[in-house]
Amino acid sequence: MTRSSLLGQRALALGIGMASIAVSLLLTALIILAVGASPLEVFNKVTEGIGLTPTGLDMVRFSGVVNFWIPLMFVCTGLLVTFTAGLWNIGVEGQMMFGAVCATWVAQEVFLPTVVQVPLEMLAAALGGAFWAALTGLLKTRGGVHEIFGGVAMNNLANIFSIYLISGPWGNQGGQATPPFRQETLLLPMSSEFRVSAVALILMAVVFGGIFLALSGTRWGLELKAQGHSQRSALLLGVPVERNVLLAMALCGFMAGLAGSVRVLFTYGNLRPLVSGGIGFLGLLVVLLTGTRALWAPPIAFFFAAILGGSTRLKIALQLDQSLAGVVQGILVLMVILANGVRGRLRGRHPAQAPEPSASLEAEEAAIHG
Amino acid sequence: MSVEVRHIHKTFGAVHANDDISLTFADGRIYGILGENGAGKSTLMKILSGFYLADSGQILIDGRLVHYDTPRGAIEVGIGMLAQDPLDVGPLTVLENFVYGQPVGPLPDWQAARRRFAELAERLGFRLEPDMPVERLSIGQRQELEIIRLLALGVRVLILDEPTTGISAEQKSVLFASLQRLAREDGLTILFVSHKLEDVLELCDEVAVLRLGRLVGTAVMPVTTGELVAMMFGQALAPPSRRAATPGDTVLEVQDLFMASERVVMRDCQVCVRAGEVVGLAGLDGSGQQLLTRACVGLARPLGGRVLINGVDMTGRPYRDFLAAGVSFGAAGRLEEGLVAGLTLAEHFILTDAGQGWWIDRERGRQIAEERIAHYRIMGRPDSPIETLSGGNQQRVLMALIPPAPRLLVLEHPTRGLDVESARWIWEQILARCAAGTAVMFTSADLDELVTYSDRILVFYAGQVTEVPDARSVTVDELGHLIGGQRVGEEAGR
């Protein structure tokens, strides 16, 4: 390819990307107008909600966004592994819940100094999540159950199991949640202003960095990439496909478990139903958008966290439902996926023969093969 | 309907697949499009049939400029292509596949469709059962279905890409007769893409030869094979030399193998392949050869019997154990089984390089890729995605991925879809490994290939195996009759 045509393609890709963002902003504005509010007002409230005020950064509100971002990033990190391996780990939500259950068990039953107690809780959560994911992996490799269906089932099981614990053995009178954990079992904020757990933040950065290097630099990462594109060919090239499926699932479950532990040990301070709060599914969306370009995950995840965090202000200030944030997300995701498809077409080939299948095509394929 | 292409250009990455190609095809004539693998034939045909959009250039139909960028658009202007792998839907019946793709409403008129189908099949001499599920048809029958479907869509220019690969001799003669009728009687323009010179000589009225993306010449029949080869390669080729077989120890031993697929049951199959020996597996597709090759590399589990590699019982062990035991396998489908679309050339070599540690040494990977690219004369760069390479170059990569001296090399259709030069070159590589003591077992639909390169041939017919102990003593004709189910010694001149 000549230099100029390469530049031309870059410019085209950038242009389409910008256009897709512009279109989604426009659509969002139209929807806001349709429900009878002012888009500019909404924008102001959202930026206020994430802590951007005319007088400067409101640290308390900003830390709310970061606290949503941390578990989301744990989940995204794990999903990058399964996505690279061509696996649709829908069960990530249940893996978070089961991790949270395991952390809760340690928090309630083990009494040790904080420096040992908290790491032990997080480790239990991570191993629990890994176990839950490995079950879905085993269902796939041994039982021939597609991971999407296995994952949906395991999500339900984890949810029902946690509800049983909350309303039964672990519950207090109301049955809405477990009693609050003891102070020594919790992750603590850095300061009263910046209410973010340093341990969780640092751990998240380390884990993300580690996975990024493992995927981009190791033989194992390349094996995952190969089987993600073609499991059959990878097998014939000597890749231990089945083992890698289990490993990738378990590793993703490990991260999901960590995310679950942050939710119970920091966000809530106890176990409650649907403790995962949809973060797992949101993580799937983020990874769907980034594809295997891992470095895009942190900013995109942060962006989503900001929209969600900011939108909590909408109800109070403008009597708008918070679910508007979900609508904005949906439009954005659709537009980006659409942009991928358009780019594929403009490359002058039939979309189905473009070298990088767009995420939407892969999703379709996964659904069909299930 | 006449078709003209003017100054067609198409690039894929660094490869100029079509470089300023201008050709005219008149109606009522059959054109052979010749060229070695990677010459740009398929690209040109895919542009004509709307799968690709040319970077620049024009297509004219009856002197009128046309534009389209989808296969549907091509069919609307009257150009239809029969792909190498027919585009049909397995579980549906022949008739359903015929109706599917036709411009019909939500409630098709099945009776009319059935009549129209029978009419077309009759006229072309195709024997197709309309209610048979397509997955039970042979490749040749699926091609016949596809031709009928395209004709019903009103196609006036029919493009066939390597249609004689994987079909029987009878099916080929039926196909050729019907193509000639379509050209002579109905005035269709037929473009016949092939690397098989004898097919082109038999069928075509004119040929166009491409080399390295450029049109190197056209000729009106009759021309000689030598002239065509000279045009394709710039030189005439001598057939590769046969070496004398000096078999060593038994590497592969198959005892009383019992296997079954949907199409065939194979019982009591006995095979023995020794070091330095080439054993060819002949037979129509689905006669049991693939069951054997898959069982011998651990990709299919036998129902009974044993598979021994170097005297060790490997029956039912996974593929990776066979790899560890020194078995190498080259499957028939390149991008489906063997190469990973989405990975670069260098990444393929890194994956199969035992010298790579846990942490990838990209520089080492790039160097090895460059060495292999040079040694195996692959047209591509270390960072080329594998799917951008032509079929022949993909086959070369597969060969380059096979370790230098495996104990046993099992190959399915090692030269399927390759031109004479590439096929000859692939066999040089196989024979070099053989001379170093590798035992080779391969399947092929090409009788010449089987007779030329095998020491012994096993003929599969409906799961039954007949051995030809000395491949040198058998002729292509005799082998053809064995494949058709006649036993050795029976009258071969029926």
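All values reported here derive from a predicted model rather than from experimental measurement. Residue positions are given per chain, counted from 1 along the sequence in the order it is written. Working convention: letters from A go to chains and numbers from 1 go to ligands, in the order in which they are written. Confidence filtering applies because this is a predicted model: local features only for residues at pLDDT of at least 70, side-chain atom pairs given and counted only at 80 or more, and all residues used for totals across whole chains, interfaces and linings. Side-chain numbers here rest on the full set of heavy atoms in the structure, without hydrogens or water.

Helix and strand content of chain B: 16 helices and 20 strands. Based on C-alpha atoms, the radius of gyration is set beside the globule rule, defined as 2.2 Å times the residue count to the power 0.38. The C-alpha atoms of chain B give a radius of gyration of 23 Å, which matches the 23 Å a tight globule of 494 residues would have. By its C-alpha atoms, chain B is 65 × 55 × 50 Å across when sized along the principal axes. By definition, residues are in contact when any of their heavy atoms lie within 4.5 Å. Considering only contacts within chain B whose residues lie at least 6 apart along the sequence, 65% involve residues at least 24 apart. Think of it this way: any DSSP run of H or I at least four residues long counts as a helix, any run of E at least two long counts as a strand, and we number them from the N terminus.

Of regular secondary structure, chain A possesses 14 helices and 2 strands. Of the contacts made within chain A by residues no fewer than 6 positions apart, 74% connect residues no fewer than 24 positions apart. Note that accessible areas follow from Shrake-Rupley with a 1.4 Å probe, and for residues the cover is restricted to the protein chains shown. Within the structure as shown, chain A displays about 16600 Å² of accessible surface, and the carbon and sulfur contribution to it stands at 69%.

Moving on, we get to the pattern of salt bridges. Every case where a carboxyl oxygen of Asp or Glu lies within 4 Å of a side-chain nitrogen of Lys or Arg is listed as a salt bridge. Across all of its chains, the model carries 32 salt bridges over all chains by this definition. Of the charged contacts, one joins Glu-242 of chain A and Arg-142 of chain A as a salt bridge, the two residues approaching to 2.8 Å between their closest N and O atoms. Of the two residues, Glu-242 of chain A is situated in helix 10 (residues 241-268) and Arg-142 of chain A in helix 5 (residues 114-143); the sequence distance between them amounts to 100 residues. Here Arg-362 of chain B ties to Glu-347 of chain B by a salt bridge, and the two come within 3.8 Å at their closest N and O atoms. Linking Arg-362 of chain B in helix 12 (residues 362-375) with Glu-347 of chain B in helix 11 (residues 345-351), this pair joins segments that are 15 residues apart in sequence. Relative accessibility under 20% of the residue-type maximum defines a buried residue, over 50% an exposed one, and the middle range a partly exposed one, all with a 1.4 Å probe and only protein chains included. Judged by relative accessible area, Arg-362 of chain B falls into the partly exposed class, the value being 41%. Linked by salt bridges that have partners in common, Arg-232 of chain A together with Arg-294, Glu-337 and Glu-412 of chain B make up one network.

Residue and element names in this part refer to chain B. In spatial order, the strands read 16-17-18-13-19-20; together these 6 strands make up an open sheet with mixed pairing. Looking at the sheet topology across the chains shown, the edges are occupied by strand 16 (327-330) and strand 20 (464-468). For this sheet, the mean inter-axis angle between neighbouring strands, taken without regard to orientation, is 15°. Two elements, strand 13 (residues 278-282) and strand 18 (residues 439-443), share 4 bridges in a ladder whose sense is parallel. Of the residues in strand 18, the one forming a bridge with Leu-281 is Thr-443. We call two strands paired when DSSP finds no fewer than two bridges between them. For helices, the fitted axis covers only the stretch in contact; all axes are lines through C-alpha atoms, and the angles between them, taken along N-to-C directions, range from 0 to 180 degrees.

This paragraph deals with the layout of surface pockets. In this model, the second largest pocket occupies a volume close to 850 Å³. Lining the second largest pocket are 39 residues, and of these Leu-237 of chain A together with Leu-323, Thr-352, Leu-401 and Pro-403 of chain B sit closest to its centre. Listed by contribution, the elements that provide at least two residues to the lining of the second largest pocket are helix 8 (219-229) of chain A together with helix 10 (319-324), strand 16, helix 11, helix 12, helix 13 (391-401) and strand 17 (408-412) of chain B. The element best represented in the lining of the second largest pocket is helix 13 of chain B, accounting for 5 residues. Here a cavity denotes a set of grid points, spaced 1 Å apart and computed over the protein atoms alone, in which a 1.4 Å probe fits but from which it cannot get out, and a pocket denotes an open set meeting protein on both sides within 12 Å along at least five of seven lines; residues with an atom within 4 Å of a point are reported as lining. Grid points are joined across faces, edges and corners, and a volume is the space filled by probe spheres set on the points.

Here the focus is the confidence of the model for chain A. Here chain A averages 85 in pLDDT, while 89% of its residues score no lower than 70. Per-residue confidence from the predictor is reported as pLDDT, which spans 0 to 100. Every residue in residues 349-370 of chain A is under pLDDT 50, and counting partners more than four places away or in other chains gives 25 contacts.

With that settled, the discussion passes to the interface of chain A and chain B. Taken together, the contact pairs 26 residues of chain A with 40 residues of chain B. Buried surface area refers to the total accessible area, computed with a probe of radius 1.4 Å, that the two partners give up upon joining, counted for both partners together. Together, the buried faces of chain A and chain B total about 2800 Å²; carbon and sulfur atoms form 59% of this surface. Per-residue buried area on chain A facing chain B is highest for Arg-219, Leu-236 and Leu-237 of chain A; these three make up 25% of the total on that side. Where chain A meets chain B, there are 2 salt bridges. One salt bridge connects Glu-337 of chain B with Arg-232 of chain A, and the closest N-O pair in it is separated by 2.6 Å. For this analysis, a polar contact is any N or O atom pair within 3.5 Å, provided that within protein one partner can donate a hydrogen and the other can accept it, and provided that sequence-adjacent residues contribute only side-chain to side-chain pairs. Applying the counting rule to chain A against chain B returns 12 residue pairs in polar contact (both at pLDDT 80 or more). Looking at the side of chain A that touches chain B, the elements with two or more residues in it are helix 7 (198-217), helix 8 and helix 9 (231-236) of chain A. Take the side of chain A that touches chain B: its biggest share by element is 6 residues, from helix 8 of chain A.

Once that is clear, we can look at the side chain of Gln-394 of chain B. Residues and elements named next belong to chain B. As for its placement among the helices and strands, Gln-394 is situated in helix 13. By relative accessible area, Gln-394 is classed as buried at 7%. Residues contacting Gln-394, with those up to four places away along its chain left out, are Arg-334, Leu-335, Leu-339, Ile-386, Glu-387 and Leu-389.

Residue and element names in this part refer to chain B. Reading across from one edge, 12-11-14-15 is the order of the 4 strands in this open sheet, with antiparallel pairing throughout. On the outer flanks of this sheet lie strand 12 (265-274) and strand 15 (312-313), each paired with one strand and no other. Pairing analysis gives 2 bridges linking strand 14 (residues 304-309) to strand 15, with the strands arranged antiparallel. When the sheet's bridge partners are listed, Ile-309 is paired in strand 15 with Val-312. Docked against the sheet, helix 9 (residues 289-296) engages strand 11 (250-260), strand 12 and strand 14, running at close to 125° with respect to strand 11.

Let's shift gears to the domain arrangement of chain B. Residues and elements named next belong to chain B. The domain architecture assigned to chain B consists of domain 1 (3-233) and domain 2 (250-326 + 403-493). The split into domains, and so the bounds of each, comes from an automatic or database assignment of domains. For domain 1 and domain 2, the distance between their C-alpha centroids amounts to 32 Å. Of the residues lining the interface, 8 residues belong to domain 1; the matching set on domain 2 comes to 8 residues. Across the domain 1 to domain 2 interface the summed buried area is about 840 Å²; carbon plus sulfur atoms make up 59%. Where domain 1 touches domain 2, the interface holds 0 salt bridges. The interface formed by domain 1 and domain 2 contains 0 residue pairs in polar contact (both at pLDDT 80 or more). Gly is put with the polar residues, along with every residue not named as nonpolar or charged; the nonpolar set is Ala, Val, Leu, Ile, Met, Phe, Trp, Tyr, Cys and Pro, and the charged set is Asp, Glu, Lys and Arg. Across the side of domain 1 that touches domain 2, the residue classes tally to 1 nonpolar, 5 polar and 2 charged.

Attention now moves to helix 6 (residues 147-167) of chain A. All names here are of chain A. What a helix is expected to span follows from its residue count: subtract one and scale by 1.5 Å. Its 21 residues place the ends of helix 6 29 Å apart at the C-alpha level, agreeing with the 30 Å of an ideal helix rising 1.5 Å per residue. Within helix 6, the full set of buried residues consists of Glu-147, Ile-148, Gly-150, Gly-151, Met-154, Asn-155, Ala-158, Asn-159, Ser-162, Leu-165 and Ile-166. In an axial view of helix 6, the angular spread of the buried residues amounts to 165°, which keeps them on one side of the axis. Think of the arc as the fan of directions from the helix axis to the C-beta atoms.

The subject of this paragraph is the state of the cysteines. Residues and elements named next belong to chain B. Cysteine sulfurs are considered disulfide-paired once they come within 2.5 Å of each other. Under the definition given, this model contains 0 disulfides over all chains. Between Cys-296, a free cysteine, and Cys-269, which holds the nearest cysteine sulfur, the sulfur-to-sulfur gap is 7.9 Å. Residue class for Cys-296 comes out buried when judged on its relative accessible area of 0%. For Cys-434, which is in no disulfide, the shortest distance to another cysteine sulfur is to Cys-272 and amounts to 14 Å.

What follows concerns the packing of aromatic side chains. Two rings from Phe, Tyr or Trp (for Trp, the six-membered ring) form a pair when their centres are within 6.5 Å of each other. A pair whose planes differ by under 30 degrees is stacked, one over 60 is edge-to-face, and the rest are tilted. Tallied over the entire structure, the rule returns 15 aromatic pairs over all chains. Relative to Trp-88 of chain A, the ring of Phe-83 of chain A lies with its centre 5.7 Å away and its plane at 80°, an arrangement referred to as edge-to-face. Given a relative accessible area of 12%, Phe-83 of chain A falls into the buried group. For the pair Trp-427 of chain B and Tyr-453 of chain B, a centre-to-centre distance of 4.3 Å together with 5° between the ring planes defines the contact as stacked. Of this pair, Trp-427 of chain B sits in helix 14 (residues 420-435) while Tyr-453 of chain B sits in helix 15 (residues 447-453), and the two are 26 residues apart along the sequence. We classify Trp-427 of chain B as buried; its relative accessible area is 1%. Pairwise contacts between aromatic rings join Phe-62, Trp-69, Phe-194 and Phe-302 of chain A into one cluster.

Residues and elements named next belong to chain A. In the contact formed by helix 4 (residues 92-109) and helix 10, the axes pass within 7 Å of each other and the chain directions differ by 55°. As summarised for this structure, helix 4 and helix 10 are arranged oblique, according to the angle between their axes. As for how helix 4 packs across helix 10, the hand of that crossing is right-handed. For the pair helix 4 and helix 10, the contacting residues are Val-92, Gln-95, Met-96, Gly-99, Ala-100, Ala-103 and Thr-104 in the first and Met-249, Cys-252, Gly-253, Ala-256, Gly-257, Ala-259, Gly-260, Ser-261, Arg-263 and Val-264 in the second. Class assignment for the residues of the contact of helix 4 with helix 10 results in 9 nonpolar, 7 polar and 1 charged. In this scheme, roughly parallel covers angles under 35 degrees and roughly antiparallel covers those over 145, while 65 to 115 is roughly perpendicular and the rest are oblique. What makes a crossing left-handed is the near helix being turned counterclockwise from the far one by less than a right angle; a clockwise turn instead makes it right-handed.

Here the focus is a negative patch on the surface. On the surface, a cluster of negative charge is contributed by Glu-198, Glu-202, Asp-446 and Asp-448 of chain B. Within the secondary structure, Asp-446 of chain B is located in the loop between strand 18 and helix 15. A patch is a set of surface residues, each over 30% in relative accessible area and not in a salt bridge, joined within 9 Å for like charges and within 5 Å for the nonpolar side chains Val, Leu, Ile, Met, Phe, Trp and Tyr. The positive count covers Lys and Arg only, the negative count covers Asp and Glu only, and His and the chain ends enter neither. All charge positions are set by atom: Lys at NZ, Arg at CZ, Asp at CG, Glu at CD.

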